[in-house]
Every structure is written in structure tokens, then in C-alpha cells.
Amino acid sequence: MSPSRTDGRPNGRSRRARREAMRVRKVGDAAYEVWSPSGHVYDVDLDAGRCTCPDHRFRGVRCKHLRRVAIEVTLGNVPAPGEREATCNACGRSLFADSDDADPVYCEDCELDPGETVVDRETDSLVVVVESTDDRADEVEVPERGWTVADHYSNRDYDPGDRVVDVLYPLPRGVDPADVSPRDLRRYSFPRGRLARRQ
Ligand SMILES: [Zn+2]
Ligand SMILES: [Zn+2]
């Protein structure tokens, strides 16, 4: 290794980390594969700050592969440790979901917000979102029924593993909530897929 080489300098590494045609793929929780333009594949562990390339193993430097993985994660091109690639169940867009969150998942735009008025596809009526939960329809019981949201007769066409969204039926115009029986203010739990945004 001649001392006149410039690629050992930190600024050389960070420049090449940004510019070289490396490809990065996530293969484990904090594990990434990096393909160099020369065809070599190196394994990077982002949490441990380790790479299998000679630059890191023999010189102990923060090599261009480690830097490149960090850059790709920051730019949102590959999932961060603890995240995985997923597809939004409503719009089909790609997103990064928590590794612990099973499908179906929803992107930020498709997650229904509390207070939002949406359409119940089964009845075409408008309902108000109280809460978008992380619970599965086949794990949430319908109160006083003894079966789950997924097993409820009007929900059987929807994914039993779908997220549960709690809603209220809006009161007719001019009705004071104080005048209504608690029964009419009951929360209903629906699979997310049963609810649609208004066009
Ligand atoms: Zn490396
Ligand atoms: Zn979406």
C-alpha cells in the first residue's frame, strides 16, 4: 500500500460512499449486503458498526460500505434496523413498517385519523373514527356477543387479520349528545378494510 494513495483518507471514503455505484439490501435486523461495482459483496452490521471488507477488518476504519448503508437508511432507500419493507394494504404504496408489525399495515396517508368521517362500505353510512388500533380483527371480541370482530356476520368478507378501527355513528343534525342514551353513543369496532375515505 503506497502512502501516496488518497483513498485511505476519510474524505475520500465518504465521497466514494456517496458516489460509487454500490447496491444495498437489508438481509437481517441490522444486517445489510453491499455490492461493490467490482462485484464483491460485503456484509455490514449497522448496529455493531462492522463490515467484512478488508478496509474495515484490517485497518479498523469506518469503511465506505458502512457509510453507504447509513446514507441509504437516512435517505429512506432501505429500511433502518428494526424496520422491514411492506406494502400499504389500502393504497399499495411501499413503506417501511416496524419489524414486529405483521401485515396488513397502512401508510400514514391511509391510517384513519380520530375525528375523521369515513364511509362504512357495508351500509354506505358515514361513521366517525374514534381510534385506529393495532389490534387484529380476529383477536378483538365484540362486547356482549362472545365472538370476534372478524367473526361478526357483517365483517366476514374482510381480512380477519386486519386492524380494528373503533367508530361512532354520528348523531343526527341538531341533536345534543346529552339527550342521547349511552347505547346510541356506543363505539363499534370494524376491520379497517370495511371503512373507506370519502371521495
Ligand atoms: Zn466495508
Ligand atoms: Zn396507503
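The shown structure was predicted, so the numbers you read here are calculated from the model rather than taken from an experiment.

As a further point, take helix H3 (residues 64-74). Most of H3 is tucked away, with eight of its eleven residues classed as buried. Lys-64, His-65, Leu-66, Arg-67, Arg-68, Val-69, Glu-72 and Val-73 are the residues of H3 that are buried. A positive backbone phi angle near 80° is found at Gly-76, which sits one or two residues after H3.

The next point concerns the sheet that holds strand S8 (residues 126-136). One open sheet holds the five strands; their spatial order is S10-S9-S8-S7-S11, and the pairing between them is antiparallel. On the outer flanks of this sheet lie strand S10 (188-191) and strand S11 (195-196), each paired with one strand and no other. The sheet contact formed by S8 and strand S9 (residues 163-168) spans five bridges and is antiparallel. Each bridged residue has a counterpart across the sheet, and for Ser-132 the counterpart in S9 is Val-165.

This part is about the domain arrangement of the protein chain. Parsing the protein chain into structural domains produces domain 1 (10-74), domain 2 (82-109) and domain 3 (117-196). Once you take the C-alpha centre of each, domain 2 and domain 3 turn out to be 23 Å apart. Taken together, the contact between domain 2 and domain 3 spans six residues of the former and six residues of the latter. Of the roughly 450 Å² buried between domain 2 and domain 3, counting both surfaces, carbon and sulfur atoms make up 43%. In this assembly, domain 2 and domain 3 are joined by zero salt bridges. Remark: the boundary between domain 2 and domain 3 carries three residue pairs in polar contact (both at pLDDT 80 or more). For the side of domain 2 that touches domain 3, a count of residues per class yields four nonpolar, one polar and one charged.

Bringing the coordination of the zinc ion (ligand 2) into the picture now. Those donors, Cys-88 (SG), Cys-91 (SG), Cys-107 (SG) and Cys-110 (SG), are the protein atoms that reach the zinc ion (ligand 2), and they lie 2.3 Å from it. Between the donor residues of the zinc ion (ligand 2), the gaps in sequence give the motif C-x2-C-x15-C-x2-C.

Turning our eyes to something else, we now look at the nonpolar core. Counting residues in each nonpolar core, the largest one holds 14 residues, and the members touching the most others are Val-24, Tyr-32, Val-34, Val-44, Cys-51, Val-69 and Val-73. Put simply, the parts of the chain that give this core at least two residues each are strand S2 (31-35), strand S3 (41-45) and H3.

Cut-off values and rules
Residues numbered from 1 in each chain as written. Chains lettered and ligands numbered in written order. Predicted model: local features only at pLDDT ≥ 70, side-chain atom pairs only at ≥ 80, totals over all residues. Heavy atoms only, no water. Buried < 20%, exposed > 50% of the residue type's maximum accessible area, 1.4 Å probe, protein only. Helix = DSSP H or I, 4+ residues; strand = E, 2+ residues; numbered from the N terminus. Pairing = 2+ DSSP bridges. Domains from an automatic or database assignment. Contact = heavy atoms within 4.5 Å. Buried area = accessible area lost by both parts, 1.4 Å probe. Salt bridge = Lys/Arg side-chain N within 4 Å of Asp/Glu carboxyl O. Polar contact = N/O pair within 3.5 Å; in protein donor to acceptor, adjacent residues only side chain to side chain. Nonpolar A, V, L, I, M, F, W, Y, C, P; charged D, E, K, R; others polar. Donors = N, O, S within 2.8 Å, 3.2 Å for Na, K, Ca; no water. Core = buried A, V, L, I, M, F, W, Y, C linked by side-chain atoms within 4.5 Å.

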